[in-house]
Amino acid sequence: MERLFLFNPENDIALAAGNAVFTPPKNAAILHRAGAMLPWWLGSEGDGVLVPAGDRDDAAAFASSAEERFGRGPEIASSVNGLSVGRFVPWGWSVDALSQFKRAGATFPASDTERMNRLRQLSHRRVSRVVNQSLYDAAIGEFPPLPREVTNARDISDIERVWGSVYVKAPWSSTGRGVMCSDDMPLDELVRRTEGTIRRQGSVMVEKALDKVVDFAMLFRSDAGRVRFAGYSLFFNGRGSSYGGNLLLTDGEIEHRLSAFVSPGLLRNVADTLCQALTGLVAADYSGDFGVDMMVYAEKTGEFRLAPCVELNLRLTMGVVAHSLTERFRGTGYEKLLVGPASAAADNAFWLVPRNGCYFIGLV
């Protein structure tokens, strides 16, 4: 088996916990099980998808139905025993992800635990400052102020006096949780909550609040010690800053939409600069697809600007899935990839995972 995929969407929470003995929150565990077959769409014949043993029959039936329409895909596995796996591909890497593969029968060298610890540090939100600094140093455009790492919550009031509204972000968090805006609560409450995050995780990142116009991401692939640009992802958020969905658009269509606000030349310069910076930063420890969230925002003058690294997601993302599905589903009438409660799925929606009563992951 060339690759064995694992859908572990709880990985960002596991990174925050930072240890091998980790019990995910109930909702995260339910999403893990409901979405176990999502990586089937990222693989091909000769690959495999790891699913719970109790769900193997439903997963196999789903795969058989999908293969009738789309051709052969990954096989279903609930154990690694007896398999020769070329590469393990979780949704995200952590000590917990390593443990999940081990529980399925896989073995790893001791050095991989140290690599997981390095990847945890590379997933810390302070890395966004390092990435943004590389873009500042390249002098290819005007960008927002660099994020600031804060270890004393009282410093937030001083930063707010200079920047105005700010976002305060936990170093590791999942699907918009751990992100607070000074506009949403009194300053004393923000400071109190920030003190709790600093006690648990050591620091927070503070960013100037921007007048967002468009959310998008650049996708990259790290392979053989080199990072390459892999395309775009155009997404939108649901309530708060939680993920809402992705538009199924080609790279050319996304770049055309973005060109209404920022020049394609700037986007390509950013992509080239990031390839160089990320090669030096992550390529030695991370192999696979990942994304850098970005934003087009409006200045008070009405001018549009680019925020070129809101967040580095050193893992698979829904944007990677959407990018993989766009050509396959062109002309079918499906325009969006959505994740939400199963009850909200329309009758004509296309499920990317077996139907369940908990989470809809699919196309509309």
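The structure under discussion appears in the preceding block.
Scope of this entry: the structure provided in the associated data block.

Rules and cut-offs
- Residues numbered from 1 in each chain as written.
- Predicted model: local features only at pLDDT ≥ 70, side-chain atom pairs only at ≥ 80, totals over all residues.
- Heavy atoms only, no water.
- Helix = DSSP H or I, 4+ residues; strand = E, 2+ residues; numbered from the N terminus.
- Buried < 20%, exposed > 50% of the residue type's maximum accessible area, 1.4 Å probe, protein only.
- Core = buried A, V, L, I, M, F, W, Y, C linked by side-chain atoms within 4.5 Å.
- Contact = heavy atoms within 4.5 Å.
- Pairing = 2+ DSSP bridges.
- Axes fitted to C-alpha atoms, helices over the stretch in contact; angles between N-to-C directions.
- Parallel < 35°, antiparallel > 145°, perpendicular 65-115°, else oblique.
- Left-handed = near helix turned anticlockwise from the far one by under 90°.
- Nonpolar A, V, L, I, M, F, W, Y, C, P; charged D, E, K, R; others polar.
- Phe/Tyr/Trp six-rings, centres within 6.5 Å; stacked < 30°, edge-to-face > 60°.
- Lys NZ or Arg CZ within 6 Å of the ring centre and 35° of its normal.

Observations concerning unusual backbone geometry
For Ala139, which is not glycine, the phi torsion reads 55° and is therefore positive. If you trace the backbone, Ala139 turns up in the loop between helix 6 (127-138) and strand 5 (148-150). Positive phi outside glycine occurs at Ala224, with the angle close to 55°. Tracing the backbone shows Ala224 in the loop between strand 9 (211-223) and strand 10 (226-237). Owing to a relative accessible area of 76%, Ala224 belongs among the exposed residues under this scheme.

Quick notes on the nonpolar core
Residues Trp93, Leu274 and Leu278 are the most contacted members of the largest nonpolar core, which totals 51 residues. If you tally residues by element for this core, the top one is helix 10 (residues 264-282), at eight residues. If near-sequence neighbours (up to four positions away) are discounted, Leu278 is found in contact with Val131, Phe220, Val227, Ala283, Phe290, Val292 and Leu312. Formed by 40 residues, the second largest nonpolar core is a distinct cluster that contains Ala59, Leu248, Leu316 and Trp351.

With respect to the pairing of strand 8 (residues 204-208)
Remember that side chains alternate between the two faces of the sheet whenever the strand is regular. Burial within strand 8 is extensive, with four of its five residues counted as buried. When strand 5 meets strand 8, the two strands line up antiparallel, connected through three bridges. Counted as the bridge partner of Arg148 is Val206 from strand 8.

Notes on the sheet that holds strand 4 (residues 87-90)
Strand order in the open sheet formed by four strands is 3-2-1-4, and the pairing between neighbours is parallel. Lying at the two open borders of the sheet, with one neighbouring strand each, are strand 3 (75-77) and strand 4. The average undirected angle you get between the axes of adjacent strands in this sheet is 30°. In this structure, strand 2 (residues 48-50) lies alongside strand 3, joined through three bridges in parallel fashion.

Let's talk about the sheet that holds strand 8
Read across the open sheet, the four strands follow the order 5-8-6-7; overall the sheet is antiparallel. The open sheet has two edge strands with one neighbour each: strand 5 and strand 7 (179-181). Looking at each pair of strands side by side, their axes are set apart by 25° on average, direction ignored.

Quick notes on the pairing of strand 9
Where strand 9 and strand 12 (residues 288-298) come together, eleven bridges link them in antiparallel fashion. When the bridges of strand 12 are listed, Ala217 appears paired with Asp293. A loop of two residues connects strand 9 with strand 10, the two strands running antiparallel in sequence, and Ala224 in this loop sits at a positive phi of about 55°.

Observations regarding the packing of helix 7 (residues 155-163) against helix 8 (residues 187-201)
Any two packed helices are characterised by how steeply their axes cross, that is the angle between the axes, and by the distance between the axes. Packing of helix 7 against helix 8 leaves a shortest axis separation of 10 Å and a crossing angle of 130°. When the axis of helix 7 is compared with that of helix 8, the two are oblique. Crossing handedness for the pair helix 7 and helix 8: right-handed. Residues Ile156, Ser157 and Glu160 of helix 7 pack against Leu187, Leu190 and Thr194 of helix 8. Looking at the contact of helix 7 with helix 8 residue by residue, the classes come out as three nonpolar, two polar and one charged.

Notes on the side chain of Asn246
Among the structural elements, Asn246 can be located in strand 11 (residues 243-247). For Asn246, the residues in contact, after removing those within four places along its chain, are Ser233, Leu234, Phe235, Phe236, Met318, Gly319, Ala322, Glu335, Lys336 and Leu337.

A look at the packing of aromatic side chains
Per the stated rule, a full pass over the model turns up 23 aromatic pairs. Both rings, one in Phe7 and one in Trp91, keep their centres 5.1 Å apart while their planes meet at 80°; by these two values the pair is edge-to-face. Of the two residues, Phe7 is situated in the loop between strand 1 (3-6) and helix 1 (11-17) and Trp91 in the loop between strand 4 and helix 4 (95-103); the sequence distance between them amounts to 84 residues. Through a chain of ring-to-ring contacts, three or more aromatic side chains come together here, namely Trp40, Trp41, Phe62, Phe70, Phe329, Tyr334 and Phe350. Over the aromatic face of Trp172 sits the side chain of Arg120, whose NZ or CZ is 3.8 Å from the ring centroid.

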